[in-house]
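Letter by letter, the chains look like this.
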Amino acid sequence: MSWQESYGKKLVKAPEALKHIKNNSRVVAAHALAEPSYLLDEMVVMKEQFRNIEIIHMASRGSGAYCNPGMEPYFHHNSFFTGITTTEPVAEGRADFTPVYFSEIPKLFRTKLPVDVALVMVTPPDENGKVSLGVSVDYSMAAVECADLVIAQVNAQMPYTLGNSRLSVDQIDYFVEHSAPIIEVPVRPLDEISKQIGKNCAELISDGDTLQLGIGTIPDAVLASLKHKKDLGIHSEMISDGVVDLYEAGVITGKRKPDHKDKMVVSFLMGSKKLYDFANQNEEVELYPVDYTNNPVVIAMQDHMVSINTCVQIDLMGQVAAETIGLKQISGVGGQVDFVRGAAMAEHGKAIMALPSTAKGGKISKIVSFLDQGAAVTTNRMDVDYVVTEYGIADLKGHTLRERARALIEVAAPKFRQELMEEYERRFFSKY
Ligand code: COA
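Now for a quick tour of the structure. Worth saying up front: this structure is predicted, and the values here are computed from it rather than measured.

1. So, the nonpolar core
- If you look at the biggest cluster of nonpolar residues, it comprises 80 residues, and the most contacted ones within it are Phe109, Leu211, Ile234, Leu269 and Ile352.
- When neighbours within four sequence positions are excluded, Phe109 is seen to be in contact with Val28, Phe80, Pro114, Val115, Tyr139, Ala142, Ala143 and Cys146.
- Membership of the second largest hydrophobic core comes to 28 residues, among which are Ile299, Ala351, Met353 and Ala407.

2. Points about the site of the ligand
- Looking at the ligand, there are 25 residues lining it, with Arg188, Val312, Ser331, Gln336 and Lys366 nearest.
- Here a nitrogen atom of the ligand and a backbone polar atom of Val312 are 2.9 Å apart.
- Ala322 places a main-chain nitrogen or oxygen 3.4 Å from a nitrogen atom of the ligand.
- Starting from 970 Å² of accessible surface for the ligand in isolation, the protein chains cover 74%.
- For the shell around the ligand, the per-class residue count stands at ten nonpolar, eleven polar and four charged.

3. Re the environment of Thr378
- Within the secondary structure, Thr378 sits in the loop between strand S25 (367-368) and strand S26 (386-389).
- In this structure Thr378 comes out as buried when scored by relative accessible area, which is 9%.
- Separated by 44 residues in the primary sequence, Thr378 and Gly334 place their C-alpha atoms 9.7 Å from one another.
- Those residues in contact with Thr378, other than ones at most four positions away along the chain, are Val320, Ala321, Ala322, Glu323, Val333, Gln336 and Val337.

4. Thoughts on the pairing of S26
- Side chains Tyr386 and Val388 of S26 all project onto a buried face; the interleaved residues Val387 and Thr389 project onto the opposite face, where all are buried too.
- Strand direction decides the pairing type here: strand S22 (residues 350-354) and S26, joined by three bridges, are parallel. The partner of Ala354 across the bridge, within S26, is Val388.
- As judged from the four bridges shared by S26 and strand S27 (residues 392-395), these two strands associate in the antiparallel manner. Paired with Thr389 across the strands is Gly392, a residue of S27.
- Counting the residues between successive antiparallel strands, the hairpin from S26 to S27 contains two residues.

5. Describing the packing of helix H14 (residues 401-410) against helix H15 (residues 414-429)
- Their axes nearest at 10 Å, the elements H14 and H15 cross at an angle of 175°. Our classification of the angle between H14 and H15 gives roughly antiparallel. Contacts from Leu401, Arg402, Ala405, Arg406, Ile409 and Glu410 in H14 reach Arg417, Leu420, Met421, Tyr424, Phe428 and Phe429 in H15.
- For the contact of H14 with H15, a count of residues per class yields eight nonpolar, no polar and four charged.

6. Structural notes on the packing of aromatic side chains
- Under the criterion given, the structure shown has ten aromatic pairs.
- With a centroid separation of 4.6 Å and 50° between ring planes, the pair formed by Tyr7 and Phe175 is classed as tilted. With a gap of 168 residues between them, Tyr7 in helix H1 (residues 3-10) and Phe175 in strand S10 (residues 174-177) connect regions that are remote in the sequence. Of the two residues examined, Tyr7 and Phe175, each falls in the buried class.
- Here the aromatic residues Phe50, Tyr74 and Phe75 are joined through ring pairs into a cluster of three or more.
- The ring of Tyr391 carries Arg417 above its face, with NZ or CZ at 5.3 Å from the centroid.
- One Lys or Arg, Arg427, reaches over the ring of Phe370 and ends 5.1 Å from the middle of that ring.

7. Details of the environment of Thr310
- Structurally, Thr310 is set in the loop between strand S17 (305-309) and strand S18 (313-315).
- What Thr310 contacts, discounting residues up to four positions off in sequence, is Ile215, Ile218, Ala322, Gln336, Met353, Ala354 and Leu355.

Rules of the game
- Residues numbered from 1 in each chain as written.
- Predicted model: local features only at pLDDT ≥ 70, side-chain atom pairs only at ≥ 80, totals over all residues.
- Heavy atoms only, no water.
- Core = buried A, V, L, I, M, F, W, Y, C linked by side-chain atoms within 4.5 Å.
- Buried < 20%, exposed > 50% of the residue type's maximum accessible area, 1.4 Å probe, protein only.
- Contact = heavy atoms within 4.5 Å.
- Near = heavy atom within 4 Å.
- Polar contact = N/O pair within 3.5 Å; in protein donor to acceptor, adjacent residues only side chain to side chain.
- Areas by Shrake-Rupley, 256 points an atom, 1.4 Å probe, with all protein chains shown as cover.
- Nonpolar A, V, L, I, M, F, W, Y, C, P; charged D, E, K, R; others polar.
- Helix = DSSP H or I, 4+ residues; strand = E, 2+ residues; numbered from the N terminus.
- Pairing = 2+ DSSP bridges.
- Axes fitted to C-alpha atoms, helices over the stretch in contact; angles between N-to-C directions.
- Parallel < 35°, antiparallel > 145°, perpendicular 65-115°, else oblique.
- Phe/Tyr/Trp six-rings, centres within 6.5 Å; stacked < 30°, edge-to-face > 60°.
- Lys NZ or Arg CZ within 6 Å of the ring centre and 35° of its normal.

Take a look at the structure:
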């Protein structure tokens, strides 16, 4: 049978495809901007047909209606990274959270968390009958490979990305065509503090380095401060619009990368239409499954790897809380530790934790004596390397607890330094 005939037979309306999901199934949905929101929302419309469906995904940009009060008999969300629609359901006990390194999710699907159903969003097939997972390959590829049932929303507006991002029509059981714009996450305007943090980070970045950029305003500020650098490379879990600007300015060339020379290697895209158009059919942007991009051993092969991430709080020992505010889960580890570890293993690698010194309009310090009660340590004190704020750079790796505390106090906001110094004196010069 030709792929065209096969596609035609599998092309159905959403209820026809979704009715094949059995009660008590584990459903994995693609995440971020590749979330097949149309399919998830249709499941909610059909809720009476379902009982006890576990829905797993990372960041969500859809309605999250399956987490609403009253959905408990039908759906239960298990979050690997909370966000706009899932933070409150987890906090209120209507959903669960599973701590997991991004790099290990594909292995979990192959071992401890077998997948019954994968819901993904793909491009229409190309002339060879291949669809692309578009803006999010990460764990979607493994979910498709492991699932008993694969249902794809075919979105004509999804960019056709390259790398290891393609599936054949045979790998999908049902196609549901539904075109919708890919949700855009534009870069937030940079304030003076973010710009200064970017400049301080730029001091640690040399020509020819390979960069990973985490999520949030700070990584965008770092990109904006790199216009004078040469031949930077990208090996990152995600990229945003700032990368396109630097590529167009001739700063990102990938020329000096030890592997995937001249190419950007990523696992998902999060930006505006400008980024999605840039990645469409672009051989210089390769998307791979996350157990490749985020594998610390693969990252370590980038000799001059620099990871740039941000966090919520850091204590005087250098312990980083990046995903909780006290007990409240506000995101997840994502690829932060994968890249911090990989950069540490790379010959000339550096791991930067870049953060504004304060939060809540300057009212609270992000550098603290103790993490908030209940906070999870995302990056531990052995792994933390450079901490950068608008006040400078604290070099922690290889330094004693006393040296670390002093270095961190020096980059804290001036109005909190006295309080931190008092804790420093108590901790190191009197008996606790
Ligand atoms: N105490 C209390 N609240 C704090 C705080 C602190 N020390 N630091 C931040 N917050 C609040 C902010 O006020 C904001 O609240 P709001 O949404 O009510 O305005 C919220 O936490 C998010 O802070 P913000 O600075 O806007 O976050 P961001 O978009 O820059 O993201 C992280 C920062 C840490 C949440 C994000 O980078 C993350 O999830 N990191 C972990 C995963 C990761 O690093 N992955 C890397 C590869 S993608």
